[in-house]
Amino acid sequence: MEVTAKSKTKEDILKAYHFRHATKIFDDTRKISDEDFQFILETGRLSPSSIGLEPWKFLIVQNPNLRKRLSEVSSGAQKQLATASHFVVILARSDASYNSPYAEYMLKETKGMPNNVFELTSEAYGKFQNNQKILDNPRSLFDWASKQTYIALGNMMTAAAQIEIDSCPIEGFSREGVHRIMEEEGLLENGAWGVSMMAAFGYRAEEPQREKSRQSVEKITQWIN
């Protein structure tokens with residue numbers, strides 16, 4: 001079989017997925033270069049989001065004292081906080097409703113919509129959010145925004161793996177505790193943002209103890225023809 005550039009690219013991408021694993025302990029003597037980490041962040045920035053609102057913010061926590069405070073309320077990030085080259089707290093927007101000032105800013109200023117297009121688009125987005133029951137309560141709205149951050153993080157972890165940088169998504173923390181710390185640090189803009197999840201990036205200190213295991217593709221797919 002002829003090896004084409006396209007097939008080689010597919011092979012490289014799948015290799016990256018096999019390379020990636022949830023790294024618990026990083027080599028704290030190795031640091032990701034500024035160029036490589038900016039590349040990782042760029043893949044997050046370019047990620048898709050529902051109705052294009054990009055309801056995310058990435059706080060890169062390099063301050064040792066802040067990392068120590070976070071470790072006190074993050075049982076699932078103890079080893080990562082202590083050893084990761086870069087540690088990211090991912091925020092989700094808490095006010096991303098279709099009729100919010102934030103939505104208007106995104107659609108008019110970022111996407112450049114003229115007023116007449118904005119009004120039609122906003123009306124359509126309002127119907128979508130109401131139909132999906134996103135606007136039922138503040139938690140539903142925040143959870144909807146938080147889902148978008150997982151898309152961005154997935155892209156960031158895959159991009160990192162493609163340049164042989166390790167990562168670990170982290171949900172093992174006290175949401176109230178981390179929220180309080182971020183609020184005390186003045187990082188949530190008076191409630192405009194909430195804590196969605198965390199992620200660590202760096203270089204593994206040791207190889208995984210076992211090979212990656214997943215269900216077969218036949219177990220997780222069903223074709224409806």
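Only a predicted model underlies this, so the values are computations on that prediction, with no experimental measurement involved. (Residues numbered from 1 in each chain as written. Predicted model: local features only at pLDDT ≥ 70, side-chain atom pairs only at ≥ 80, totals over all residues. Heavy atoms only, no water.)

With that settled, the discussion passes to a nonpolar patch on the surface. Residues Ile 13, Leu 14 and Tyr 17 make up a contiguous nonpolar surface patch of roughly 290 Å² in combined accessible area. Tracing the sequence through the fold places Tyr 17 in helix α1 (residues 5–19). (Patch = residues over 30% accessible without salt bridge, like charges linked within 9 Å, V, L, I, M, F, W, Y side chains within 5 Å. Areas by Shrake-Rupley, 256 points an atom, 1.4 Å probe, with all protein chains shown as cover. Salt bridge = Lys/Arg side-chain N within 4 Å of Asp/Glu carboxyl O. Helix = DSSP H or I, 4+ residues; strand = E, 2+ residues; numbered from the N terminus.)

The final tally for this structure, using the stated rule, is three aromatic pairs. Judged by centre distance (5.8 Å) and plane angle (75°), the rings of Phe 37 and Phe 201 are edge-to-face. One end of the pair, Phe 37, is in helix α2 (residues 34–45); the other, Phe 201, is in strand β4 (residues 193–202), with 164 residues separating them in the sequence. Here Arg 204 stacks its cationic end above the ring of Phe 19, 4.1 Å away from the centre of that ring. (Phe/Tyr/Trp six-rings, centres within 6.5 Å; stacked < 30°, edge-to-face > 60°. Lys NZ or Arg CZ within 6 Å of the ring centre and 35° of its normal.)

Here we have four strands laid out as an open sheet, ordered β1-β2-β4-β3, and antiparallel in their pairing. In the strand order of this sheet, the two ends are held by β1 (56–60) and β3 (166–170), each with one partner. In this sheet, neighbouring strand axes are inclined to one another by 25° on average, regardless of whether the strands run parallel or antiparallel. The sheet contact formed by β3 and β4 spans five bridges and is antiparallel. Counterpart to Pro 169 in the pairing with β4 is Ala 199. Each of β1, β2 (86–93) and β4 is contacted by helix α8 (residues 175–184), which is oriented at about 95° to β4, the strand it contacts most. (Pairing = 2+ DSSP bridges. Axes fitted to C-alpha atoms, helices over the stretch in contact; angles between N-to-C directions. Contact = heavy atoms within 4.5 Å.)

Let's shift gears to the packing of α2 against helix α7 (residues 138–162). Packing of α2 against α7 leaves a shortest axis separation of 8 Å and a crossing angle of 145°. Like other packed secondary-structure pairs, α2 and α7 cross with a definite hand, here right-handed. Facing α2, whose interface residues are Phe 39, Ile 40, Leu 41, Thr 43 and Gly 44, α7 presents Ala 152, Asn 155, Met 156, Ala 159 and Ala 160. Its residues placed into classes, the contact of α2 with α7 shows seven nonpolar, three polar and no charged. (Left-handed = near helix turned anticlockwise from the far one by under 90°. Nonpolar A, V, L, I, M, F, W, Y, C, P; charged D, E, K, R; others polar.)

Before going further, it helps to spend a moment on the packing of helix α5 (residues 101–110) against helix α6 (residues 115–131). Two numbers describe how α5 lies on α6: the axes approach to 11 Å, and their chain directions differ by 140°. Classified by the angle between their axes, α5 and α6 sit oblique to one another. Crossing handedness for the pair α5 and α6: right-handed. Contact with α5, carried on its side by Glu 104, Leu 107 and Lys 108, involves Asn 115, Phe 118, Thr 121 and Tyr 125 of α6 and no other residues of that element. Split into classes, the residues belonging to the contact of α5 with α6 amount to three nonpolar, two polar and two charged. (Parallel < 35°, antiparallel > 145°, perpendicular 65-115°, else oblique.)

Taken from the UniProt record, the annotation "domain: Nitroreductase" (unreviewed entry) applies to residues 19–203. The span residues 19–203 is 48% helical and 15% strand by assignment, and the distance between its end C-alpha atoms comes to 12 Å. (UniProt positions renumbered as here; feature names shortened; annotations may be inferred.)

By the element assignment, Ala 22 lies in the loop between α1 and α2. Spatially, the C-alpha atoms of Ala 22 and Asp 166 are 7.8 Å apart, while their sequence positions differ by 144 residues.

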